[in-house]
Amino acid sequence: MGNFDPTRLRPLPREFFDRDPRKVARDLLGKVLVRRERGRLLAARVVETEAYLGTEDPAAHAFAGPTERNRVLFGPPGHAYVYFIYGNHHCLNVSCEPEGMAGCVLFRALEPLQGESAMAKARGLAAPEPAAVQARPGLLRHLTSGPGRLAEAFGITRPRDNGKDLTSAENDLFLADDGAGKMKIESSARVGITKAAERRLRFYVEGNAFVSGKRVESSK
DNA sequence: TTATAGATTGCCT
DNA sequence: GGCAATCTATAAT
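What comes next concerns the included structure. Residue numbers run consecutively from 1 along every chain, following the written order of its sequence. Whichever chain is written first is A, and whichever ligand is written first is 1; the rest continue in order. Selection of residues for local features in this predicted model requires a pLDDT of at least 70, selection of side-chain atom pairs for listing and counting requires 80 or more, and totals for whole chains, interfaces and linings are taken over all residues. Working from all heavy atoms in the structure, the side-chain values ignore hydrogens and water.

Here's the deal with the protein's contact with DNA strand B
So, step 1. Here a residue is near a molecule or strand as soon as one of its heavy atoms is found within 4 Å of it. With respect to spatial proximity, 18 residues lie near DNA strand B, and among them Tyr83, His89, Asn93, Arg123 and Arg149 are the closest.
So, step 2. Protein-adjacent atoms of DNA strand B, using a 4 Å cutoff, are sugar or phosphate at a proportion of 51%.
So, step 3. Any N or O atom pair separated by 3.5 Å or less is treated as a polar contact, with the protein-specific requirement of one donor-capable and one acceptor-capable atom, and with residues adjacent in sequence counted only for side-chain atom pairs. Between a base nitrogen of DNA strand B and a main-chain N or O atom of Ala59, the distance comes to 3.2 Å.
So, step 4. The contact in question runs from a base nitrogen of DNA strand B to an N or O atom on the side chain of Tyr83, over 2.7 Å.
So, step 5. Runs of H or I in DSSP of at least four residues are treated as helices and runs of E of at least two as strands, each being numbered from the N terminus. When contributions to the surface near DNA strand B are tallied by element, the ones reaching two or more residues are strand S4 (80-85), strand S5 (89-95), strand S6 (104-114) and helix H6 (147-153).

Examining the environment of Phe4
So, step 1. Tracing the backbone through its elements, the reader meets Phe4 in the segment before strand S1 (10-11).
So, step 2. Taking the C-alpha atoms as reference points, Phe4 and Arg149, separated by 145 residues in sequence, lie 22 Å from one another.
So, step 3. Not counting residues up to four positions away in its chain, the partners in contact with Phe4 are Leu9, Val32, Ala43, Leu113, Gln114 and Asp178. A contact between two residues is defined here by any heavy atoms of the two lying within 4.5 Å.

Some points on the packing of aromatic side chains
So, step 1. When the centres of two rings from Phe, Tyr and Trp lie within 6.5 Å, Trp using its six-membered ring, the rings pair. Their planes under 30 degrees apart give stacked, over 60 give edge-to-face, and anything left gives tilted. Inspection of every chain in the model, using the stated rule, returns two aromatic pairs.
So, step 2. An angle of 35° between the planes, with centres 5.7 Å apart, marks the rings of Tyr81 and Tyr83 as tilted.
So, step 3. Definition used: whenever NZ (Lys) or CZ (Arg) falls within 6 Å of the ring centre and also within 35 degrees of the ring normal, the charge is taken to sit over that ring. Here Arg19 stacks its cationic end above the ring of Phe16, 4.9 Å away from the centre of that ring.
So, step 4. One residue, Arg190, lies across the ring of Tyr52, its end atom 4.5 Å from the ring centre.

Details of the nonpolar core
Soluble globular proteins: nonpolar side chains tend toward being buried together.
So, step 1. Ranked by internal contacts, the top residues of the largest apolar core, which has 43 residues, are Leu28, Phe154 and Leu175.
So, step 2. Considering each element in turn, this core owes the most residues, five residues, to strand S3 (residues 40-52).
So, step 3. Excluding residues within four positions of it along the chain, Phe154 makes contact with Leu33, Val34, Arg35, Leu42, Ala43, Ala44, Leu110, Met119, Thr144, Arg160 and Leu173.
So, step 4. Side-chain atoms within 4.5 Å are what join buried Ala, Val, Leu, Ile, Met, Phe, Trp, Tyr and Cys residues into a set we call a nonpolar core. Burial classes follow relative accessibility: with a 1.4 Å probe on protein chains only, a residue under 20% of its type's maximum area counts as buried, one over 50% as exposed, and anything between as partly exposed. In terms of nonpolar packing, the next biggest core, distinct from the first, is built from 13 residues, Ala59, Ala60, Tyr81 and Leu106 among them.

Some details on the protein's contact with DNA strand C
So, step 1. In the vicinity of DNA strand C, the residues found are Thr67, Arg69, Phe84, Tyr86, Gly87 and Asn88.
So, step 2. For DNA strand C, the fraction of protein-proximal atoms (within 4 Å) that sit in sugar or phosphate groups is 52%.
So, step 3. Tyr86 is positioned with one of its backbone polar atoms (N or O) 2.2 Å from a base oxygen of DNA strand C.
So, step 4. Within the side chain of Asn88, a nitrogen or oxygen atom sits 2.9 Å from a base nitrogen of DNA strand C.
So, step 5. Polar here means any residue other than Ala, Val, Leu, Ile, Met, Phe, Trp, Tyr, Cys and Pro, which are nonpolar, and Asp, Glu, Lys and Arg, which are charged; Gly is therefore polar. Grouping the constituent residues of the surface near DNA strand C by class yields two nonpolar, three polar and one charged.

Shown next as structure tokens:
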């Protein structure tokens, strides 16, 4: 966890996303979301995802077919689908499967690797003091634990990022592999939905403190 | 044209 | 644990 080297980042190829979203959601765990802006690098490891299966999935935005809002989902794989929800929050997805099929993966939680101060600023929080973080690692959890939170930390909005190709390091937002090893993966029902809620399409890194929906470490 | 639910979060009791 | 905030897409008038 402690040894992140930005020079090892390699963008994920288009083929990575040209598959069943359940496979992509699982394989994205351990990969890195990267934002570059003004010479600064934000990076965070993917630790929680959810798969949405397109027109066959009642919980998916693509269920009713293509609309202006969701058309990115029906396009080529590896592109950002960003939507605005509850009047407050943006959420980031990546399109999967070949053009014409609308599967996607929602990013639910990340573990910050680099640029924590900028993330805190974007979230309207005080910059985390290294000493305080040392004492209570749970402080960083508020930065990127939850789909709305991680989008805010990375400055992700629909006008700015919807439709962006996430497979190109030329872009200011992309997904990469930094060579990190495999992690133990768990699955569960998806969070916050009412339709098709029984399907176990949520995937997360077992035991990772940044997975959403868990209590912050009590004391120890 | 109006109503309502929504792939959430944070603050209040 | 409850609920308001605040915009959008879609359903209902």
